[in-house]
Amino acid sequence: MRPQSSATARTAKAVTPPHASTPARSSGPGTRPRSGTALALLGVFCFSLTFPSTVWGLESFGPWSLVAVRGVLAAAVAAVFLLAQRVPLPKRRHWAGLAVVGGGVVIGFPLLTTLALGTSSTAHAAVVVGLLPLTTATLAALRTGHRPSRVFWAAAVAGAAVVAAFTWQQSGGALSAGDLYLFGALLVCAAGYTEGGRLAALMPGWHVVGWALVLCLPVTVAGSVVALSLEPVHWSPHGAVGLAWVAAGSTFLGLYVWYRGMAGIGVARASQLQLAQPLMTLVWSFWLLGEELTWAAPLAATGVLVCIAVTQRARG
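Residues numbered from 1 in each chain as written. Predicted model: local features only at pLDDT ≥ 70, side-chain atom pairs only at ≥ 80, totals over all residues. Heavy atoms only, no water.

Let us look at the overall build of the protein. The secondary structure content of the protein amounts to 15 helices and 0 strands. Residues counted as buried form 47% of the 316 residues belonging to the protein. Of all intrachain contacts in the protein linking residues separated by at least 6 positions in sequence, the fraction that spans at least 24 positions is 91%. For the protein, the accessible surface area stands at approximately 15,200 Å², while carbon and sulfur atoms represent 68% of it. (Helix = DSSP H or I, 4+ residues; strand = E, 2+ residues; numbered from the N terminus. Buried < 20%, exposed > 50% of the residue type's maximum accessible area, 1.4 Å probe, protein only. Contact = heavy atoms within 4.5 Å. Areas by Shrake-Rupley, 256 points an atom, 1.4 Å probe, with all protein chains shown as cover.)

Below, the structure written as structure tokens:
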């Protein structure tokens, strides 16, 4: 009787429907929560170099031509990968979402932040954009219907308050004209992150990035032709390195790992990791651009890191 019972148990186990033991929510295509966090952090690292690299790029290019050319180069890299892997075209229902991603993170955010850096310092722009995590979490909650816990929201608002206070102290209590560009950049980038995070749960993250870049190619090519004819180019080592990084590092690699990370741990939680980005950018600005760091930087860093720890442990 015992062998028969064992065989029966094995048979019952074999015919158990796969979904019976599968979690209700997946972590995205091939991405686990722990690796999702690591990928999102790598994306934050790539993004933290964007503003210093943009300042370098502006030594050789005008703001409009820098944004347009970086989009063309990033799309070329993406197209090579898409063709090499023979990735099929996205389904028709995904193109609208890809257009939001392209308009937000490929064109809108780079253009608005580049224009802002014409009047604002890298440090100031970095801390204003530190409000991006809260903006992204809010739009993600509205778009997806997911409601993070009260602890999560309390920590997210606290982190945003730390960044806002730091920004206010750095700007002397007044907002500059560049802040208008930066606030606009927050909205379009948060929309692109939210839609990209949703799509990255349906297809590989680099497919989202790649097709969004390719979709924007007609705009970036036309923009490059017009901008390069109006803005003279003055080649320099800094300008070349800056352009290379914002195209390949920030726009392609950064977005690739970022969207994979969001697919693994969720848009709202991944967005809170970006609270560390302003402080990382401040360090790069000090090392690469020679900008001075004030006493408030380490204080803000401590407060932000505490908020990150709370949001990562809070459950939705």
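After that view of the structure, there is still more to cover.
The residue Glu195 is located in helix H9 (residues 177–200) in this model. Taking relative accessible area as the criterion, Glu195 reaches 7% and is therefore assigned buried. Only 2.6 Å separates the side chain of Glu195 from the side chain of Arg198, close enough to count as a polar contact. (Polar contact = N/O pair within 3.5 Å; in protein donor to acceptor, adjacent residues only side chain to side chain.)

For the rest of this paragraph, the subject is the pattern of salt bridges. Applying the stated rule across the entire model yields 1 salt bridge. Among the ionic pairs, Arg198 bridges to Glu195, the shortest N-O distance being 2.6 Å. Here Arg198 and its partner Glu195 are both found in helix H9, 3 residues apart, which amounts to about one turn of the helix. Residue classification places Arg198 among the partly exposed residues on the basis of a relative accessible area of 26%. (Salt bridge = Lys/Arg side-chain N within 4 Å of Asp/Glu carboxyl O.)

Before going further, it helps to spend a moment on the nonpolar core. Ranked by size, the top nonpolar core spans 62 residues in total, and within it Val105, Tyr193, Val208, Leu213, Trp258 and Tyr259 carry the most contacts. At 8 residues, H9 tops the list of elements feeding residues into this core. Those residues in contact with Trp258 that lie beyond four places of it in its chain are Leu39, Ala40, Gly43, Val44, Phe47, Tyr193, Ala270, Ser271 and Gln274. Listed in part, the 5 residues of the second largest apolar core include Ala137, Phe152, Ala156 and Ala314. (Core = buried A, V, L, I, M, F, W, Y, C linked by side-chain atoms within 4.5 Å.)

Once that is clear, we can look at the environment of Val129. When you line up the elements, Val129 lands in the loop between helix H6 (122–128) and helix H7 (132–144). Considered as a pair, Val129 and Gln274 are 145 residues apart in the sequence and their alpha carbons are 9.6 Å apart. In contact with Val129, not counting residues within four places along its chain, are Phe51, Phe109, Leu182 and Leu186.

Before going further, it helps to examine the packing of aromatic side chains. In total, this model carries 11 aromatic pairs according to the counting rule given. Arranged with centres 5.9 Å apart and planes meeting at 70°, the rings of Phe45 and Trp284 form a pair that is edge-to-face. With Phe45 in helix H2 (residues 33–48) and Trp284 in helix H14 (residues 277–289), this pair connects stretches of sequence that are 239 residues apart. Considering the side-chain rings of Trp95 and Trp211, the 6.2 Å spacing of their centres and the 70° angle between planes classify their relative orientation as edge-to-face. (Phe/Tyr/Trp six-rings, centres within 6.5 Å; stacked < 30°, edge-to-face > 60°.)

Bringing a nonpolar patch on the surface into the picture now. On the surface, a cluster of nonpolar side chains totalling about 480 Å² of accessible area is made up of Val283, Phe286, Trp287, Leu288 and Leu293. Secondary-structure assignment places Val283 in helix H14. Judged by relative accessible area, which is 33%, Val283 ranks as partly exposed. (Patch = residues over 30% accessible without salt bridge, like charges linked within 9 Å, V, L, I, M, F, W, Y side chains within 5 Å.)

A word on the environment of Ala155. Among the secondary structure elements, Ala155 is positioned in helix H8 (residues 150–170). A sequence separation of 152 residues divides Ala155 from Cys307, and the C-alpha atoms of the two residues are 5.2 Å apart. For Ala155, the contacting residues outside a window of four places in its chain are Cys307, Val310 and Thr311.

Moving on to the side chain of Gln274. By the element assignment, Gln274 lies in the loop between helix H13 (267–273) and H14. For Gln274, the contacting residues outside a window of four places in its chain are Val44, Phe47, Leu132, Pro133, Tyr193 and Trp258.

Confidence in the prediction for the protein averages 83 pLDDT; 87% of positions are at 70 or higher. Across residues 1–30, where pLDDT falls below 50, the model places 13 contacts with residues more than four positions away in sequence or in other chains. (pLDDT = per-residue confidence, 0-100.)

Attention now goes to unusual backbone geometry. Positive phi is not limited to glycine here, since Arg86 has a value of about 55°. As for its placement among the helices and strands, Arg86 is situated in the loop between helix H4 (63–84) and helix H5 (95–116).

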